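Breakdown of the fold
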Amino acid sequence: MPSRKSNDIQLSALENAMQLFDEAAERLNIDKTLFEILIVITFSDILKVAFEYKCNMRIAVYMLANNRAGDVTMLRGIYA
């Protein structure tokens with residue numbers, strides 16, 4: 001059974017994440033429900049890459065970002 005201290009740390013981390021979520025939505029001037037949908041879609045994309053290549057989420061984020069940057073470069077060209 002988890003200790004009270006670990007539960008407090010997890011709760012604190014969750015509170016911090018929710019605060020960051022709210023601040024980001026305000027800075028981007030986006031409705032929170034739309035922002036939440038974007039986060040869920042992005043998380044889903046990362047999870048798909050992680051399962052497909054059997055890697056951890058951190059590596060999957062790098063792979064997805066690199067792939068998306070490459071796609072944009074192909075569309076716009078290197079010097080655009």
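Counting starts from 1 at the beginning of each chain's written sequence and moves along it residue by residue. Only residues with pLDDT of at least 70 get local features here, since the model is predicted, and only at 80 or more are side-chain atom pairs given and counted; chain-wide, interface and lining totals rely on the full set of residues. With hydrogens and water excluded, all non-hydrogen atoms of the structure serve as input to the side-chain values.

A few points about the overall build of the protein
Broken down by element type, the protein carries three helices and zero strands. Secondary structure elements of the protein occur, N-terminal to C-terminal, as α-α-α. Reported accessibility uses the Shrake-Rupley method at a 1.4 Å probe radius. Residues are deemed covered only where the shown protein chains occlude them. On the protein, roughly 7100 Å² of surface is accessible, and the fraction owed to carbon and sulfur atoms is 62%. Per the convention used, a helix needs a DSSP run of H or I reaching at least four residues, while a strand needs a run of E reaching at least two, with both numbered from the N terminus.

Regarding the confidence of the model for the protein
The predictor rates its confidence in each residue with pLDDT, a number between 0 and 100. Looking at the protein as a whole, the pLDDT averages 85, with 84% of positions reaching at least 70. The element-level mean pLDDT for the protein is lowest in helix 1 (residues 4–27), coming to 75, with helix 3 (residues 57–76) highest at 94.

Overview of the pattern of salt bridges
Any Lys or Arg side-chain nitrogen found within 4 Å of a carboxyl oxygen on Asp or Glu counts as a salt bridge. Per the stated rule, a full pass over the model turns up two salt bridges. One salt bridge connects Asp-22 with Lys-32, and the closest N-O pair in it is separated by 3.4 Å. Of the two residues, Asp-22 is situated in helix 1 and Lys-32 in helix 2 (residues 32–53); the sequence distance between them amounts to ten residues. For every residue, the accessible area (1.4 Å probe, protein chains only) is compared with the maximum for its type, and the residue is labelled buried under 20%, exposed over 50%, or partly exposed between those bounds. Residue Asp-22 is classed as partly exposed on the basis of its relative accessible area of 25%. A salt bridge links Asp-45 to Arg-68; the shortest N-O distance between them is 2.7 Å. A residue pair is termed long-range when its members are at least 10 positions apart, and Asp-45 in helix 2 and Arg-68 in helix 3 qualify at 23 residues. Overall, the relative accessible area of 22% leaves Asp-45 in the partly exposed class.

Description of helix 3
The span one expects for a helix is its residue count, reduced by one, times 1.5 Å. In this model helix 3 runs 28 Å from its N-terminal to its C-terminal C-alpha over 20 residues, within 8% of the 28 Å that 1.5 Å per residue would give. Taken from the residues just after helix 3, Gly-77 is the one with a positive phi, measuring 90°.

A short note on the nonpolar core
Counting five residues, the largest nonpolar core is built from Ile-46, Val-49, Ala-50, Ala-60 and Leu-64. Of all the secondary structure elements, the ones that give two or more residues to this core are helix 2 and helix 3. It is helix 2 that contributes the most residues to this core, three residues altogether. With residues up to four places along the chain from it excluded, the contact list for Ala-60 reads Ile-46, Val-49, Ala-50 and Cys-55. We call a set of buried Ala, Val, Leu, Ile, Met, Phe, Trp, Tyr and Cys residues a nonpolar core when their side-chain atoms join them within 4.5 Å. Throughout, a contact is declared for two residues whenever any of their heavy atoms are within 4.5 Å.

Details of the packing of helix 2 against helix 3
Any two packed helices are characterised by the angle at which their axes cross and by the distance between the axes. Under this scheme, a helix contributes an axis fitted over its contacting stretch, all axes are lines through C-alpha atoms, and angles between N-to-C directions fall in the 0 to 180 degree range. At a closest axis distance of 8 Å, the pairing of helix 2 and helix 3 adopts a crossing angle of 105°. When the axis of helix 2 is compared with that of helix 3, the two are roughly perpendicular. Across the interface between the two elements, Phe-43, Asp-45, Ile-46, Leu-47, Val-49, Ala-50 and Tyr-53 of helix 2 pack against Met-57, Ala-60, Val-61, Met-63, Leu-64 and Arg-68 of helix 3. Gly is put with the polar residues, along with every residue not named as nonpolar or charged; the nonpolar set is Ala, Val, Leu, Ile, Met, Phe, Trp, Tyr, Cys and Pro, and the charged set is Asp, Glu, Lys and Arg. Here the contact of helix 2 with helix 3 is composed, by residue class, of eleven nonpolar, no polar and two charged. Oblique is the label for any angle not covered by the other classes, which are roughly parallel (under 35 degrees), roughly antiparallel (over 145) and roughly perpendicular (65 to 115).

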